[in-house]
Amino acid sequence: MKRIIEDHELVVEVLSNWGMEEENKLYFRKNYAKYEFFKNPMYFFPEHMVSFSTETNGEISPALILQMFLSSSTYPEIHGFLHVKEQGKKSWKKVYFLLRRSGLYFSTKGTSKEPRHLQFFSEFGNSDIYVSLAGKKKHGAPANYGFCFKPNKARGPRDLKMLCAEEEQSRMCWVTAVRLLKYGMQLYQNYMHPCHGRSGCSSQSISPMRSISENSLVAMDFSGEKSRIIDNPTEALLVAVEEGLAWRKKACLRLGSHSSPRACSQRSAISMAIHRSQPWFHHRISRDEAQRLIIQQGLVDGVFLVRDSQSNPRTFVLSMCHAQKIKHFQILPVEDDGKMFHSLDDGHTRFTDLIQLVEFYQLNKGVLPCKLKHYCARVSI
């Protein structure tokens, strides 16, 4: 199972909620989508899952739904069918659930929301919500989108209240709503002030969790007596490519000053294999494994990794996330004047090695749907 450690929580307190006799291990992974619902609420709250306890006039936007979660007076209700594991049994039952500020309820009569048909299932003030990583394999869940409520005083796995959604967006909606109802404005404060958590760290000692806005980055020209901002996007692109080629050329010269065939072949071999030491390179993994790794790191625009192509051993594949979807781009080899280059756009933009290619697309969108922002590490700690 996995759960998000909120910025205001202490890891030792989370661990203390598990029994001392239990042999648990903790693995930590960076989650770039931790606060994504503040940036793109439309991905987290589908219309068919949201209703309101009071009458509303007109259409409610996802941003307004988010504000309602943070308000103490009003709140939206999350509702829909979930599969629930019956206590003490291996079977699962499909039931209609309703999430309110007071807790999670299920209906004993179809989709009825009448008080006499609603039964209390779990509260979240003294419980933590976990996402199941192997619910289908270990517990016979009907799908791979399981989650559960773990009471703070749980004595073992039998006390877990296990649920399963039918799709990832549905599970994401339930889990996000529970976090918002449980922590409220505290989550927003964590998002706005990432260094003002329980640890009392200062902005001088620890860098912010969120990267600098793209709007604050501009292309600069320092070739003249005075520096200037390059406003023309085409000029900025040409300067970036020229600078990257010049930097890589200097690096190659540093690798070996001799021009013998042996030295040239060594430099070529280094250029072809230098990417293998990079944390974003994942060697021989499948398309499905790449997608799984990116989902684990968070479906945020610009999360990426580079891997060997399974269909063509001479090529590589750039896998990245954009608009909650994972896309794959083939990096093709291009030969020119006896030299090999890498390209994403049929040779229009060429790179001597994969490091140069990644660095370029971290600064420039080019043919990609967005810039590369967060690499998906081989070993997530």
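Residues numbered from 1 in each chain as written. Predicted model: local features only at pLDDT ≥ 70, side-chain atom pairs only at ≥ 80, totals over all residues. Heavy atoms only, no water.

## A closer look at the pattern of salt bridges
Here is step 1 of the chain: One pass over the structure, following the stated rule, counts eleven salt bridges.
Here is step 2 of the chain: Note that Glu6 is salt-bridged to Arg179, the shortest N-O span being 2.8 Å. Placement of Glu6 in the segment before helix H1 (11-16) and of Arg179 in helix H5 (residues 168-183) is noted, with a sequence separation of 173 residues between them. Taken as a pair, Glu6 and Arg179 share a single burial class, namely buried.
Here is step 3 of the chain: Note that Asp7 is salt-bridged to Lys34, the shortest N-O span being 2.7 Å. (Salt bridge = Lys/Arg side-chain N within 4 Å of Asp/Glu carboxyl O. Helix = DSSP H or I, 4+ residues; strand = E, 2+ residues; numbered from the N terminus. Buried < 20%, exposed > 50% of the residue type's maximum accessible area, 1.4 Å probe, protein only.)

## Re the side chain of Gln297
Here is step 1 of the chain: Structurally, the position occupied by Gln297 is in helix H9 (residues 287-297).
Here is step 2 of the chain: Exposure remark for Gln297: the relative accessible area of 3% places this residue in the buried category.
Here is step 3 of the chain: Within the local environment of Gln297, its side chain forms a polar contact with the backbone oxygen of Lys30, the two atoms lying 3.2 Å apart. (Polar contact = N/O pair within 3.5 Å; in protein donor to acceptor, adjacent residues only side chain to side chain.)

## Remarks on the sheet that holds strand E12 (residues 316-322)
Here is step 1 of the chain: Read from one edge to the other, the open sheet built from five strands follows the order E14-E13-E12-E11-E15, with strand pairing classed as mixed. Of all the strands in the sheet, the pair left with one neighbour each is strand E14 (339-343) and strand E15 (374-375).
Here is step 2 of the chain: In this sheet, E15 lies alongside strand E11 (residues 303-308) in parallel orientation, the contact comprising two bridges. Across the sheet, residue Val303 finds its bridge partner in E15, namely His374.
Here is step 3 of the chain: Relative to E11, H9 is tilted by about 155°, and along the sheet it contacts E11, E12, strand E13 (325-336) and E15. (Pairing = 2+ DSSP bridges. Contact = heavy atoms within 4.5 Å. Axes fitted to C-alpha atoms, helices over the stretch in contact; angles between N-to-C directions.)

## A short note on H9
For an α-helix, the turn length of 3.6 residues means that residues three or four places apart are oriented alike.
Here is step 1 of the chain: Those residues of H9 that fall on the buried side of the exposure criterion are Ala290, Leu293, Ile294, Gln296 and Gln297. In a view along the axis of H9, the buried residues occupy a sector of 160°, so they form one face of it. (Arc of directions from axis to C-beta.)

## Observations regarding the pairing of strand E4 (residues 103-107)
Here is step 1 of the chain: With five of five residues buried, E4 lies mostly within the body of the structure.
Here is step 2 of the chain: As paired strands, E4 and strand E5 (residues 118-122) are joined by four bridges and run antiparallel to one another. By the bridge assignment for E5, Leu104 is matched with Ser122.

## Some details on the packing of H5 against helix H6 (residues 185-192)
Here is step 1 of the chain: Where H5 meets H6, the axes come as close as 6 Å, and the angle between the chain directions of the two elements is 100°. Relative to H6, the element H5 lies roughly perpendicular. Residues Arg179, Leu180 and Tyr183 of H5 form the contact with H6, whose participating residues are Met185, Gln186 and Leu187.
Here is step 2 of the chain: Of the residues assigned to the contact of H5 with H6, the class counts are four nonpolar, one polar and one charged. (Parallel < 35°, antiparallel > 145°, perpendicular 65-115°, else oblique. Nonpolar A, V, L, I, M, F, W, Y, C, P; charged D, E, K, R; others polar.)

## Concerning the nonpolar core
Here is step 1 of the chain: Among the nonpolar cores identified, the biggest contains 38 residues, and Phe45, Ile78, Phe97, Leu99, Phe149, Leu163 and Trp174 are the most heavily contacted of them.
Here is step 2 of the chain: In terms of residue count, the dominant contributor to this core is H5 (nine residues).
Here is step 3 of the chain: Setting aside anything within four residues of it in sequence, one finds Trp174 in contact with Met49, Ile78, His79, Gly80, Leu82, Phe97, Leu98, Leu99, Leu104 and Phe147. (Core = buried A, V, L, I, M, F, W, Y, C linked by side-chain atoms within 4.5 Å.)

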